[in-house]
Every structure is written in structure tokens, then in C-alpha cells.
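# Topology and contacts: notes
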Amino acid sequence: AFAEMGGMFYLLGDLDRAAGAYEIALRQQPNHRDALRGMARINERNGKMAAAASQLQTILLYNPKDAEVWLQLGDVAVHQGDEIRARECYLRATQIDPQASSVIADARQRLDLMAEMSRKPGGPK
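Residues numbered from 1 in each chain as written. Predicted model: local features only at pLDDT ≥ 70, side-chain atom pairs only at ≥ 80, totals over all residues. Heavy atoms only, no water.

## Let's talk about the nonpolar core
Ranked by internal contacts, the top residues of the largest apolar core, which has 36 residues, are Tyr-22, Ile-42, Leu-56, Leu-73 and Tyr-90. Mapped by element, the contributors of at least two residues to this core are α1 (2-12), α2 (15-28), α3 (33-45), α4 (49-62), α5 (67-79), α6 (83-95) and α7 (101-119). Ranked by residues supplied to this core, first place goes to α5 with seven residues. Not counting chain neighbours up to four residues away, the residues in contact with Ile-42 comprise Tyr-10, Leu-15, Ala-18, Ala-19 and Tyr-22. (Core = buried A, V, L, I, M, F, W, Y, C linked by side-chain atoms within 4.5 Å. Buried < 20%, exposed > 50% of the residue type's maximum accessible area, 1.4 Å probe, protein only. Helix = DSSP H or I, 4+ residues; strand = E, 2+ residues; numbered from the N terminus. Contact = heavy atoms within 4.5 Å.)

Okay, structure coming up:
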């Protein structure tokens with residue numbers, strides 16, 4: 001219930017209350033997927049990429065086939081400037097769960113964008 005409450009506060013833009021609700025959920029269940037993902041989103045928005053990555057990696061310890069989390073971890077890697085890691089995460093997101101069609105499409109779109117950017121003069125390699 002606290003993780004759901006955190007999600008509602010997040011959608012309302014109240015990140016402090018969202019974080020508080022997620023923290024309560026995590027005290028009750030330290031590996032709660034939705035609470036960890038919510039905290040990761042908050043940390044991303046606050047520029048705390050290492051914390052976000054850590055929370056997402058915790059989820060993957062319990063479910064390494066979570067395509068959504070691999071996609072989000074790729075986004076965090078992009079923000080950290082680690083394009084190699086981002087590509088690895090996006091590629092994993094396309095392969096890990098064939099049923100996750102929207103995640104696969106999003107990951108492929110990000111990979112295509114990264115490939116396009118690397119072809120531009122002065123773009124990342």
C-alpha cells in the first residue's frame with residue numbers, strides 16, 4: 001500500500017512524500033520492486049544516478065529478467081555518460097522477455113538513436 005501511495009505522490013509531483021512512502025514500503029520489504037523503482041525514478045530526477053543504479057540493480061538480483069528495469073538502468077547509464085553500459089542494458093531489455101513488446105520497442109528506439117548520434121560528426125562513438 002505504501003508503494004502505491006508513493007506512486008500517487010510521484011505522479012502528483014510531490015517527490016518528498018513519494019520518497020517517504022517508498023521508504024516505509026522498503027523498511028517492510030527491502031526488495032519491493034515498485035518501491036525500489038519509484039526511489040530510482042526520484043533519484044534520477046534529483047541527479048543521484050549512482051543511487052538510482054543501485055536500486056535498479058537490487059531489483060535485478062531478485063529478477064534478472066525484468067525488461068523494464070533493464071531499460072531504466074540503461075537510461076541511468078546514459079545520464080551517467082556510460083554509453084557502453086547503456087547499450088548493454090538496452091540490448092538486454094530487447095532480449096530478456098519476448099513478451100515485453102513495448103519495452104523492446106522502446107529499447108530498440110534508444111539503440112537506434114544512439115547509433116544515429118554516433119554517426120554524426122562530433123557525436124559519441
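## Re the environment of Met-8
Assignment of secondary structure puts Met-8 in helix α1. Linking Met-8 and Ala-18, residues ten residues apart in sequence, is a C-alpha distance of 7.5 Å.

## A few points about the packing of aromatic side chains
To describe a pair of aromatic rings, you give the distance between the ring centres and the angle between the ring planes. Inspection of the entire model under this criterion finds zero aromatic pairs. Just above the ring of Tyr-10 sits the side chain of Arg-41; from NZ or CZ to the centre is 5.9 Å. Taking NZ or CZ as reference, Arg-92 lies 4.4 Å from the ring centre of Trp-70, over its face. (Phe/Tyr/Trp six-rings, centres within 6.5 Å; stacked < 30°, edge-to-face > 60°. Lys NZ or Arg CZ within 6 Å of the ring centre and 35° of its normal.)

## Some words on the pattern of salt bridges
Opposite charge on two side chains permits them to pair, given that their charged atoms come into close proximity. Taken as a whole, this structure holds eight salt bridges when the rule is applied. Between Glu-83 and Arg-87 there is a salt bridge whose closest N-O contact spans 3.7 Å. Of this pair, Glu-83 and Arg-87 are both found in helix α6, four residues apart, which corresponds to roughly one turn of the helix. Shared partners join several salt bridges into a network, and the residues in it are Arg-33, Asp-34, Arg-37, Asp-66 and Glu-68. (Salt bridge = Lys/Arg side-chain N within 4 Å of Asp/Glu carboxyl O.)

## A word on α2
With 14 residues, α2 extends 20 Å between its outermost C-alpha atoms, agreeing within 8% with the 20 Å of an ideal straight helix rising 1.5 Å per residue. Of the positions making up α2, those classed as buried are Leu-15, Ala-18, Ala-19, Ala-21, Tyr-22, Ala-25 and Leu-26. The arc that holds every buried residue of α2, seen down its axis, measures 165°, which confines them to one face. Projecting away from the buried face of α2 at angles above 90 degrees are the exposed residues Asp-16, Arg-17, Arg-27 and Gln-28. Contacts from the buried residues of α2 go to α1 and α3. (Expected span 1.5 Å × (residues − 1). Arc of directions from axis to C-beta.)

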